[in-house]
Amino acid sequence: MTSPSPFAPVTRSVARMADGRELLYFDETAHPDRILVDPRDLPEVVPGSQVRYDALLDEWVGIAGHRQTRTYHPPANACPLCPSTATNQSEIPSPSYDVVVFENRFPSFAGTGEIAAISDPAAGLFQTRPGNGRCEVVCFTSDHHCVLSALPPRRMRTVIEAWADRTAALSAQDGVEQVFCFENRGVEIGVTLAHPHGQIYGYPFATPKTAAAIRSARHYRERTGGNLFADLLAGEIADGSRIVAQNEHWVAFVPFAARWPVEVHLYPRVQVRDLTGLDDARRDALAVLYLEVIRRMEGLFDDSLPAITGVHQAPVHTDPQDYWLHLEVLTIRRAEGKIKYLAGSESAMGAFVNDITPEAAAQRLRDVWVPGTDTVGGVAR
């Protein structure tokens, strides 16, 4: 019998912004001051996204020229992600909230419909298609000066609930081929809004990294009959030297061929294709373990932690029997005051060179003391 979730249930309410964009509140607490009407006078959002085919690499590239005018480092008193006040009518009309998701005003991909015909007859080498899809912003808290890692597990659980809800919704939208939930953190990463937030992309194609993983898994099954993701996870558990933390339902480890100075992958112990396949117990366990991983990474450096979190999910309309939901958390910080820049080898050739061995990175992470966790070397006692 499954134990009930220790976290408060999440309620969901839907509103519309003044320009017609959708806004959703995900709350684990009551908000009697909730406002569902956007009082602003906004022009209609008319994105002009398209995707172009790179025939050399067999990849699609998004082109979104309208994003050049997006909001760039506004002062805190004019933050578009804070609750609205009398002096700052933001993207969120309510004076308080827990977690909010809304359509991006400057989307990389937007719109629905059939894929257009090839625009150039030259043997399909110069294909252009509409940039169908959807881009959403996820605000983790109304506190402008907070960071996600400082939030309690209950709030992280609400974020996961929002991720799963939006994964289901975007997966059902025409033109979406893959849903990607992610957080960019820190100005060194390129964040232009300081408020703690993430994003969700509904791509009109399966992304290159996912497509490569699916090809590798298919070839591995043809050679061995096994599941590549399952065997990699089993191998990491058996070796143990790169395990960072784990619980009943999830394992966090530095991958054997890590590209980044500090890179941690989180895998559920059972195979699911995407977040919608996680039951309450596994969502609860992910909230706790993810926060522990981020706090261990923060403990490595005395300065900032510029980081990216990505939720890797199976494509919507492909049926890769072996695909395994997992999270990837990485930082470009290689030491205090030092950043790993993607220079010639990485940027031009896609060939990474890591200055820190994965085993050493994992040991450093295990050695970090995280308040509130009863662990030894990242393994629960």
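Since the model is a prediction, treat every value here as computed from it, not as a measurement. (Residues numbered from 1 in each chain as written. Predicted model: local features only at pLDDT ≥ 70, side-chain atom pairs only at ≥ 80, totals over all residues. Heavy atoms only, no water.)

Chemist: Would you mind showing me how to read the environment of Pro47 here?
Modeler: Residue position: Pro47 is located in the loop between strand 2 (22-27) and strand 3 (50-54). Distance in space between the C-alpha atoms of Pro47 and Gln271 is 37 Å, their sequence separation being 224 residues. With near-sequence residues (within four places) excluded, Pro47 lies in contact with His66, Pro107 and Ala110. (Helix = DSSP H or I, 4+ residues; strand = E, 2+ residues; numbered from the N terminus. Contact = heavy atoms within 4.5 Å.)

Chemist: I tried to follow the packing of helix 2 (residues 208-224) against helix 3 (residues 228-239) on my own but got confused; where do I start?
Modeler: Angle between the axes and distance between the axes are the two parameters that describe a pair of packed helices. Where helix 2 contacts helix 3, the two axes come as close as 9 Å, and the packing angle between them is 90°. In terms of axis orientation, helix 2 runs roughly perpendicular to helix 3. Contacts between helix 2 and helix 3 involve Ala213, Ser216, Ala217 and Tyr220 from the first element and Leu228, Phe229 and Asp231 from the second. Across the contact of helix 2 with helix 3, the residue classes tally to five nonpolar, one polar and one charged. (Axes fitted to C-alpha atoms, helices over the stretch in contact; angles between N-to-C directions. Parallel < 35°, antiparallel > 145°, perpendicular 65-115°, else oblique. Nonpolar A, V, L, I, M, F, W, Y, C, P; charged D, E, K, R; others polar.)

Chemist: Would you take a moment to explain the layout of surface pockets for this structure?
Modeler: By volume, the second largest pocket is sized at about 560 Å³. In terms of lining residues, the second largest pocket is bounded by 24 residues, among which Arg70, Thr71, Asn104, Thr192 and Leu193 are the most central. Here the lining of the second largest pocket takes four residues from strand 9 (residues 197-203), the largest share from any one element. Looking at the lining of the second largest pocket, its residues break down into nine nonpolar, 10 polar and five charged. (1 Å grid on protein atoms, 1.4 Å probe; cavity = no way out; pocket = protein on both sides within 12 Å on 5 of 7 lines; lining within 4 Å. Points joined across faces, edges and corners; volume = space filled by probe spheres on them.)

Chemist: Help me out: how do you make sense of the nonpolar core in this one?
Modeler: General note: in soluble globular proteins, nonpolar side chains tend to be found buried as a group. If you look at the biggest cluster of nonpolar residues, it comprises 53 residues, and the most contacted ones within it are Met156, Trp163, Trp250, Val264, Leu266 and Tyr290. Per element, the largest residue contribution to this core is nine residues, and it comes from helix 4 (residues 280-298). When sequence neighbours within four positions are dropped, the list of residues in contact with Leu266 reads Trp250, Val251, Ala252, Leu286, Leu289, Tyr290, Val293, His326, Leu327 and Val329. Core analysis: the second largest hydrophobic core is formed by 14 residues, Met17, Leu23, Phe102 and Val137 among them. (Core = buried A, V, L, I, M, F, W, Y, C linked by side-chain atoms within 4.5 Å. Buried < 20%, exposed > 50% of the residue type's maximum accessible area, 1.4 Å probe, protein only.)

Chemist: Could you clarify how one ought to interpret the pattern of salt bridges in this entry?
Modeler: Where charged atoms from two side chains of opposite charge come close, those side chains can pair. Under the criterion given, the structure shown has 30 salt bridges. Glu22 serves as the salt-bridge partner of Arg166, at 3.8 Å between the closest nitrogen and oxygen. Taken as a pair, Arg166 in helix 1 (residues 153-171) and Glu22 in strand 2 lie far apart in primary sequence, 144 residues in all. Across the pair Glu91 and Arg40 runs a salt bridge, and its minimum N-O distance is 2.8 Å. Pair noted here: Glu91 is in the loop between strand 4 (59-63) and strand 5 (99-103) and Arg40 is in the loop between strand 2 and strand 3, with a separation of 51 residues, a long-range link. For Arg40, a relative accessible area of 15% gives the class buried. One network of salt bridges, in which partners are shared, links Arg12, Glu22, Glu103, Arg134, Glu136, Asp165 and Arg166. (Salt bridge = Lys/Arg side-chain N within 4 Å of Asp/Glu carboxyl O.)

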